Amino acid sequence: MEIKVLRNILDANDQMAEQNRTLLAGKKIMMVNVWASPGAGKTTLMLRTAEALKDKARMAVIEGDVASSIDTVKLMESGVTAIQINTDGGCHLDAGMIHTALLNLPLDELDIIFIENVGNLICPGEFDLGEYKKIIIASTPEGEDKPHKYPLMFTIANACVINKMDLMPYVNFDIDSFTRTVTGMNQGVEMFPISGTRGHGIDKWADWVLKNLVKYRINRA
Amino acid sequence: MHEMTITRSLVDITLEEAGKANATKVTSVSIVLGEMSGAVDQSVEFYFELMTRDTIAEGAKINFRKVPNRAKCRKCGNIFKPGGIFWECDKCHSMEMEIISGRELYVESIEVD
Ligand SMILES: Nc1nc2c(ncn2[C@@H]2O[C@H](COP(=O)(O)OP(=O)(O)O)[C@@H](O)[C@H]2O)c(=O)[nH]1
Ligand SMILES: [Mg+2]
Ligand SMILES: [Zn+2]
């Protein structure tokens, strides 16, 4: 006998993601899921974002890492509230891990939570964590063919940060072609060329974050 | 890769649905995988075999239905298959597209006794 099922294979994760969403909506906290390859500049962007949002919004970072807590220590040393999840070799974070992290954060004192996902451009794309926005960082030394190789994440991200713009004179990165590819496959995406180390472009990026916080809160008022 | 997580969920869904139907044996499971989802068949089969030992799904076969990437051109409406380095319309060469398939990842049906 055949039984029709039609269920998303990851539906247990999706249900947990909805629980996270409900929890955060109750606290009016916007959560942003940050994707990138290892070394693209996720932690650097978190540090810069914290500087830019200082006095404007209270943020925390959930750090997903395969095995170390170096990034969490770096953030905490800079005064950013951060919590570490070690995936023990796992290639992605799931909504259950985020749920546990959320319960260990001071939710009444936060406006925005960023999730620094595991450095990987394939697996995290399948796992809804309960975030409001997904962002992807590509860095110029990685070359402009990343969206062709990893289309899933580039087609569903809400914003795409192009990091390490200061290295443009030294690398072969065709920014026009990259931008056309990403905005072609993903109509709603917004592009932010930045240099995380020098701070260029961070103001526009931080404006986008704050604008979305306002939108998020209006929708939940 | 996350085949282990995917397969864990697949086994849970299979046993849950079979239980609801009071089945005594699951003979096959049909899943739909979009081209963009990175799961590797052999790996899913490997974990499935391990995780279903001593359950009513032991020995069940997995049927994989693959769904290719498809996009609809926003300029001319042509439906085409993007892939590799070709993420543009094969008629008008516009790069503006709407992805219409390739992201699937779901259990379609199970066959039980
Ligand atoms: N030249 C340059 N280097 C950068 C930039 N952003 C980050 N880096 C460097 O790239 C390396 C990896 O950055 P990190 O933020 O740790 O990346 P993550 O692995 O994605 O968290 C570090 O050595 C950073 O200093 C940038 O805009 N320009
Ligand atoms: Mg990092
Ligand atoms: Zn066309």
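### Observations regarding the overall build of chain B
Item 1. For chain B, the helix and strand inventory stands at 2 helices and 6 strands.
Item 2. Listing the helices and strands of chain B from first to last along the sequence gives α-β-α-β-β-β-β-β.
Item 3. Against the 2.2 N^0.38 benchmark of 13 Å for 113 residues, chain B shows a C-alpha radius of gyration of 18 Å, more extended than a compact globule.
Item 4. Projected onto the principal axes, the alpha-carbon positions of chain B cover approximately 55 × 25 × 15 Å.
Item 5. The 113 residues of chain B split such that 47% are buried.
Item 6. Long-range pairs, those at least 24 residues apart, make up 68% of the contacts in chain B with a sequence separation of at least 6.
Item 7. Accessible surface for chain B amounts to roughly 5600 Å². Of this, 51% is attributable to carbon and sulfur atoms.
Item 8. Averaged over its 14 positive side-chain charges, chain B has a centre that lies 7 Å from the centre of its 18 negative ones.

### Digging into the coordination of the zinc ion (ligand 3)
All names here are of chain B.
Item 1. Here the zinc ion (ligand 3) is held by the protein donor atoms Cys73 (SG), Cys76 (SG), Cys89 (SG) and Cys92 (SG), which lie 2.3 to 2.4 Å from it.
Item 2. Given 4 donor atoms and angles of 104 to 115° at the metal, the environment of the zinc ion (ligand 3) is assigned as tetrahedral.
Item 3. Site description for the zinc ion (ligand 3): donor spacing in sequence, C-x2-C-x12-C-x2-C. One end of the pair, Cys76, is in the loop between β3 (70-73) and β4 (79-80); the other, Cys89, is in the loop between β4 and β5 (97-101), with 13 residues separating them in the sequence.

### With respect to the site of ligand 1
Residue and element names in this part refer to chain A.
Item 1. Taken together, 16 residues surround ligand 1, and among them Gly39, Lys42, Thr44, Asp166 and Gly196 come closest.
Item 2. Between ligand 1 and Ser195 there is a distance of 3.4 Å, counted from an oxygen atom to a side-chain nitrogen or oxygen.
Item 3. In terms of residue count, helix α2 (residues 42-53) provides more of the shell around ligand 1 than any other element does, 3 residues in total.

### A closer look at the side chain of A:Thr49
Residue and element names in this part refer to chain A.
Item 1. Mapped onto the fold, Thr49 is located in helix α2.
Item 2. Within polar-contact distance, the side chain of Thr49 engages the side chain of Trp205 at 3.0 Å.
Item 3. When residues no more than four places from it in sequence are discounted, the contact partners of Thr49 are Met59, Phe114 and Trp205.

### A look at helix α2 (residues 41-51) of chain B
Residues and elements named next belong to chain B.
Item 1. The complete set of buried residues in α2 reads Val44, Phe48 and Met51. Buried positions in α2, seen along its axis, are confined to an arc of 75° and lie on one side of it. The exposed set on the far side of α2, more than 90 degrees from its buried face, consists of Gln42, Phe46 and Glu49.
Item 2. If you follow the buried residues of α2, they end up packed against α1 (3-20), β1 (26-34) and β2 (61-67).

### Here we look at the coordination of the magnesium ion (ligand 2)
Item 1. The coordination sphere of the magnesium ion (ligand 2), as far as protein atoms go, consists of A:Thr43 (OG1), A:Asp71 (OD) and A:Glu116 (OE), spread over 2.1 Å.
Item 2. A:Asp71 sits in the buried class, given a relative accessible area of 14%.

### A look at the pairing of β1(B)
Residues and elements named next belong to chain B.
Item 1. The buried fraction of β1 is high, at 8 of 9 residues.
Item 2. Inspection of the sheet shows β1 paired to strand β6 (residues 105-112) by 7 bridges, in the antiparallel sense. When the bridges of β6 are listed, Val32 appears paired with Tyr106.
Item 3. Pairing of β1 with β2, which is carried by 7 bridges, proceeds in the parallel orientation. Each bridged residue has a counterpart across the sheet, and for Leu33 the counterpart in β2 is Lys66.
Item 4. Once you follow β1 into α2 and on to β2, the crossover reads as right-handed.

About the thresholds
- Residues numbered from 1 in each chain as written.
- Chains lettered and ligands numbered in written order.
- Predicted model: local features only at pLDDT ≥ 70, side-chain atom pairs only at ≥ 80, totals over all residues.
- Heavy atoms only, no water.
- Helix = DSSP H or I, 4+ residues; strand = E, 2+ residues; numbered from the N terminus.
- Rg over C-alpha atoms; globule rule 2.2 N^0.38 Å.
- Buried < 20%, exposed > 50% of the residue type's maximum accessible area, 1.4 Å probe, protein only.
- Contact = heavy atoms within 4.5 Å.
- Areas by Shrake-Rupley, 256 points an atom, 1.4 Å probe, with all protein chains shown as cover.
- Lys, Arg positive; Asp, Glu negative; His and termini not counted.
- Charge placed at Lys NZ, Arg CZ, Asp CG, Glu CD.
- Donors = N, O, S within 2.8 Å, 3.2 Å for Na, K, Ca; no water.
- Tetrahedral: all angles 85-135°; square planar, octahedral: opposite > 155°, others 65-115°.
- Near = heavy atom within 4 Å.
- Polar contact = N/O pair within 3.5 Å; in protein donor to acceptor, adjacent residues only side chain to side chain.
- Arc of directions from axis to C-beta.
- Pairing = 2+ DSSP bridges.
- Right-handed = clockwise from strand over helix to strand, strands pointing away.

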